[in-house]
Amino acid sequence: MRPAISLIVLMAASASAAAQPFDPLQVRGWAAACTGCHSSQGQAEPGMPALAGFGRAAMVAALLDFKSGRRHATVMHQLARGYDDEQLEAIAGYFSRLPPP
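Residues numbered from 1 in each chain as written. Predicted model: local features only at pLDDT ≥ 70, side-chain atom pairs only at ≥ 80, totals over all residues. Heavy atoms only, no water.

Student: I would appreciate a short explanation of the pattern of salt bridges in the present structure.
Tutor: If the charged atoms of two oppositely charged side chains come close together, the side chains can form a pair. Inspection of the entire model under this criterion finds three salt bridges. A salt bridge links E89 to R56, with the shortest nitrogen-to-oxygen separation between them at 4.0 Å. In this pair, E89 is assigned in helix α6 (residues 85-97) and R56 in helix α4 (residues 56-68), connecting sequence segments 33 residues apart. Its relative accessible area of 31% is what places E89 among the partly exposed residues. Note that R70 is salt-bridged to D65, the shortest N-O span being 2.8 Å. The partly exposed category is assigned to D65, whose relative accessible area is 24%. (Salt bridge = Lys/Arg side-chain N within 4 Å of Asp/Glu carboxyl O. Helix = DSSP H or I, 4+ residues; strand = E, 2+ residues; numbered from the N terminus. Buried < 20%, exposed > 50% of the residue type's maximum accessible area, 1.4 Å probe, protein only.)

Student: I would appreciate a short explanation of the packing of aromatic side chains in the present structure.
Tutor: To describe a pair of aromatic rings, you give the distance between the ring centres and the angle between the ring planes. This model, assessed by the stated rule, comprises two aromatic pairs. An angle of 80 degrees between the planes, with centres 5.2 Å apart, marks the rings of Y94 and F95 as edge-to-face. Here Y94 falls in the buried class, since its relative accessible area comes to 19%. Among the residues examined, F95 registers a relative accessible area of 0% and is labelled buried. (Phe/Tyr/Trp six-rings, centres within 6.5 Å; stacked < 30°, edge-to-face > 60°.)

Student: Teacher, can you tell me more about helix α2 (residues 24-32) here?
Tutor: Spacing of three or four residues puts side chains on the same side of an α-helix, whose turn is 3.6 residues. Here α2 has its buried residues at V27, W30 and A31. Within α2, the buried residues cover an arc of 100 degrees as seen down the axis, which keeps them to one side. Exposed residues pointing more than 90 degrees away from the buried face of α2 are listed as L25 and R28. Here the buried face of α2 lies against α3 (35-38) and α6. Structurally, the start of α2 carries an N-cap: the backbone nitrogen of L25 is 2.7 Å from a side-chain oxygen of D23. (Arc of directions from axis to C-beta. Contact = heavy atoms within 4.5 Å. Polar contact = N/O pair within 3.5 Å; in protein donor to acceptor, adjacent residues only side chain to side chain.)

Student: Explanation requested: the layout of surface pockets in the structure shown.
Tutor: Taking a probe equal in size to a water molecule and rolling it over the atoms shows the remaining empty space. The computed volume of the largest pocket comes to approximately 530 Å³. The wall of the largest pocket is formed by 23 residues, among which H38, L51, L63, F66 and M76 lie closest to the centre. Secondary structure elements with two or more residues in the lining of the largest pocket: α3, α4, α5 (76-80) and α6. The greatest single-element share of the lining of the largest pocket, amounting to five residues, is contributed by α4. The residue inventory of the lining of the largest pocket, partitioned by class, reads 20 nonpolar, two polar and one charged. (1 Å grid on protein atoms, 1.4 Å probe; cavity = no way out; pocket = protein on both sides within 12 Å on 5 of 7 lines; lining within 4 Å. Points joined across faces, edges and corners; volume = space filled by probe spheres on them. Nonpolar A, V, L, I, M, F, W, Y, C, P; charged D, E, K, R; others polar.)

This is the structure we're talking about:
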């Protein structure tokens with residue numbers, strides 16, 4: 001019975017570690033990859049949506065659609081695949097907290 005208890009404790013510890021928030025500087029670093037086209041201050045390149053102040057839930061949905069291939073774009077579907085779902089949620093949270101343009 002001990003190995004089973006050890007496994008349960010290990011699984012609980014892993015789940016708790018996975019639930020820890022990301023380091024804000026790490027999230028900012030991930031978000032920096034988006035700023036070449038979308039900017040961090042809401043001054044997006046022509047034809048690109050500004051991300052600052054964009055709704056978190058809508059951004060997460062769009063990013064997951066790009067990642068899964070349900071939504072197509074020139075590069076977004078490729079870029080989104082480089083992050084796991086939790087990282088995409090963190091990036092969306094970062095941009096949603098910035099003041100809108």
